[in-house]
Amino acid sequence: MAEVVITTSGMTFGDVVAIARDGATVSLSQQSLSAMQSSRDHVEKLAASETPVYGISTGFGALANRHVSQELRTQLQRSLIRSHAAGVGDPVEREVVRALMALRLKTLASGKTGVRPVVAETMAALLNAGITPLVREFGSLGCSGDLAPLAHCALVLMGEGEAFDSKGVQRPVADLLREAKITPVQLAEKEGLALINGTDGMLGMLILAIEDLRMLVNTADVVAAMSVEGLLGTDRVFIPELHLPLRSHPGQAESAARMLATLKGSGIVASHLENDDRVQDAYSLRCAPQVAGAVRDTVEYAATVALRELAAVIDNPVVLDDGRISSNGNFHGAPIAYVLDFLAIAVADLGSIAERRTDRALDKNRSAGLPPFLADDPGVDSGLMIAQYTQAALVSENKRLASPASVDSIPSSAMQEDHVSMGWSAARKLRTSITNLTRIIAIELVTASRAIELRAPLTPSPDSTKVITALRKSVAGPGPDRYLSPELEAATAFVATGRVMNAIE
């Protein structure tokens, strides 16, 4: 199992994914421990002062005007976490919670938040023990950080709340901490606020989405090329001279190159190079690189935003290098919320064009000689007719999910927090969109593979052959109608686990 060493300079995309998905352990560098202690010294000096300092000796949000005496400050931190752990709904996925915790730990380790090293060490111990706090679906407005989700995590540090063990079984927090030899933390001044004032939930989901979409767009290109092959389309529109030299979008050029490479050596494509009376392919075939390429470029733009946020220190107040404690608004999630919504639009469109290719392959009037619905005995068999219905339903849902969350704002905290980002909501719906896109691509793959096989004795390209051979280990080929749902689920798993790309790479 890999280990990620967290320093004051933060972490990489790969670090976040390794912790969230692969169970990588974490450790804190000596540099981080020293930086945390240094900033903590500044906090404790201010805590001993008679002058009120926000986040240290005052209330929070709309209650920030109250100066809290020293004997009540432990209760203040505990009350903050308990009251803010107010989420409702289904539990959030384990990988999201682990990403959220890793990113909050990254900020604590920066030495800018004023927490004691023991707080960060305890959070690291939770991650290493595989203890995952129960974070509920609803509660964050994406401003002042992902308050409720982070508070649910902080509650477990205190020995309270709800959590799952390393096997995903929900068990009493006290038992989990005792078995892992983790001592609950009694939070001191500033620490409760430092644990919840971050964009970590929405950023974690953005990083995971980028990881997924980079793989899915590559897969979409390969499957689109297979549809071109099965529909007797041409590969000449994918030659490099037509892309980067004429239109300098890098994503388009990359998608075109991948489609051209997938079709290389295809006997099916070669079979209609001459005596074909069609002038041009439909847009869903001919413009596939333009659409998928735009998705690629959108993903990479989102990655630049995520990288900036990954390098950021998000807390309020923050401890500056000269010891000043300064209130700020860096917890606002707008930069992340916008790109999460942008990605949902791109995901919806990539799924939409994939469905159009599937529909074309099933329509005897547009499929260049394939049987209706790719059925074994049309009229007796319905073939893939309803698979396309399912795909269309997924496309329709993704179009609804493309409506941006970030254009909404509901004021909160007695109008102190009067403009919020809704970035958490944008991230949650994007995750659903990506799941739907995976299924959409899987249905196109099932359709394109069957179309190619029905072109026999014409031979597909070597890449298409490899993909179909791998797919056939879990999804059967053409034949009489059978129970289709399990095959579509198997195809979805085939796509989700990257096996399309593995087959050809």
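Placed above this text is the structure.
Here the structure is a predicted model, which is why all the values come from computation and not from measurement.

1. Re a nonpolar patch on the surface
Here is step 1: On the surface, Tyr-301, Phe-342 and Ile-345 cluster together into a nonpolar patch covering about 290 Å² of accessible area.
Here is step 2: Looking at where Phe-342 falls in the secondary structure, it is placed in helix α14 (residues 334–362).
Here is step 3: The exposure class of Phe-342 is partly exposed, given its relative accessible area of 38%.

2. Observations regarding the pattern of salt bridges
Here is step 1: Under the criterion given, the structure shown has 33 salt bridges.
Here is step 2: The closest approach of N and O atoms between Arg-431 and Glu-93, which form a salt bridge, is 3.5 Å. You can see Arg-431 sitting in helix α16 (residues 423–453) and its partner Glu-93 sitting in the loop between β3 (88–91) and α4 (94–108), a full 338 residues away along the chain.
Here is step 3: Judged by its relative accessible area of 16%, Arg-431 falls in the buried class.
Here is step 4: Given the relative accessible area of 32%, Glu-93 is considered partly exposed.
Here is step 5: Linking Lys-190 and Asp-315 is a salt bridge whose minimum nitrogen-to-oxygen distance equals 2.5 Å. Of the two residues, Lys-190 sits in the loop between α7 (173–179) and α8 (191–196) while Asp-315 sits in the loop between α13 (288–310) and β8 (318–319), which places them 125 residues apart along the sequence. Of the two residues, Lys-190 and Asp-315, both sit in the buried class.
Here is step 6: One salt-bridge network, held together by shared partners, links Arg-21, Glu-93, Glu-95, Glu-137, Asp-212, Arg-428 and Arg-431.

3. Quick word on the sheet that holds strand β4 (residues 132–133)
Here is step 1: With antiparallel pairing, three strands are arranged side by side in an open sheet as β4-β6-β7. Each of the sheet's edge strands pairs with one partner strand only, and the pair in question is β4 and β7 (170–171).

4. Structural notes on the nonpolar core
Here is step 1: Grouped together as the largest cluster of nonpolar side chains are 132 residues, with contacts concentrated most on Leu-105, Leu-195, Leu-206 and Leu-445.
Here is step 2: Ignoring anything within four residues of it in the chain, the contact list for Leu-445 reads Val-223, Met-226, Val-467, Leu-471, Phe-494, Val-495 and Val-500.
Here is step 3: Ranked by size, the runner-up nonpolar core spans 13 residues in total, among them Ala-225, Phe-238, Ala-256 and Val-269.

5. With respect to the state of the cysteines
Here is step 1: Evaluated as defined, the whole model comprises zero disulfides.
Here is step 2: In this model Cys-153 remains outside any disulfide bridge; the closest cysteine sulfur is found in Cys-143, 19 Å from its own.

6. Quick word on unusual backbone geometry
Here is step 1: Look at the link from Asn-316 to Pro-317: it is a cis peptide, with omega at 0 degrees.
Here is step 2: As for its position among the elements, Pro-317 is in the loop between α13 and β8.
Here is step 3: The peptide bond linking Ala-456 to Pro-457 adopts the cis configuration, its omega dihedral lying at 15 degrees.
Here is step 4: The phi angle at Leu-374 is positive, at roughly 55 degrees, despite the residue not being glycine.
Here is step 5: Here Leu-374 is to be found in the loop between α14 and α15 (385–401).
Here is step 6: Exposure remark for Leu-374: the relative accessible area of 2% places this residue in the buried category.
Here is step 7: Unlike most non-glycine residues, Met-422 shows phi in positive territory, near 60 degrees.
Here is step 8: In this fold, Met-422 is placed in the loop between α15 and α16.
Here is step 9: Residue class for Met-422 comes out buried when judged on its relative accessible area of 11%.

What counts and what doesn't
Residues numbered from 1 in each chain as written. Predicted model: local features only at pLDDT ≥ 70, side-chain atom pairs only at ≥ 80, totals over all residues. Heavy atoms only, no water. Patch = residues over 30% accessible without salt bridge, like charges linked within 9 Å, V, L, I, M, F, W, Y side chains within 5 Å. Areas by Shrake-Rupley, 256 points an atom, 1.4 Å probe, with all protein chains shown as cover. Salt bridge = Lys/Arg side-chain N within 4 Å of Asp/Glu carboxyl O. Helix = DSSP H or I, 4+ residues; strand = E, 2+ residues; numbered from the N terminus. Buried < 20%, exposed > 50% of the residue type's maximum accessible area, 1.4 Å probe, protein only. Pairing = 2+ DSSP bridges. Core = buried A, V, L, I, M, F, W, Y, C linked by side-chain atoms within 4.5 Å. Contact = heavy atoms within 4.5 Å. Disulfide = S-S within 2.5 Å.

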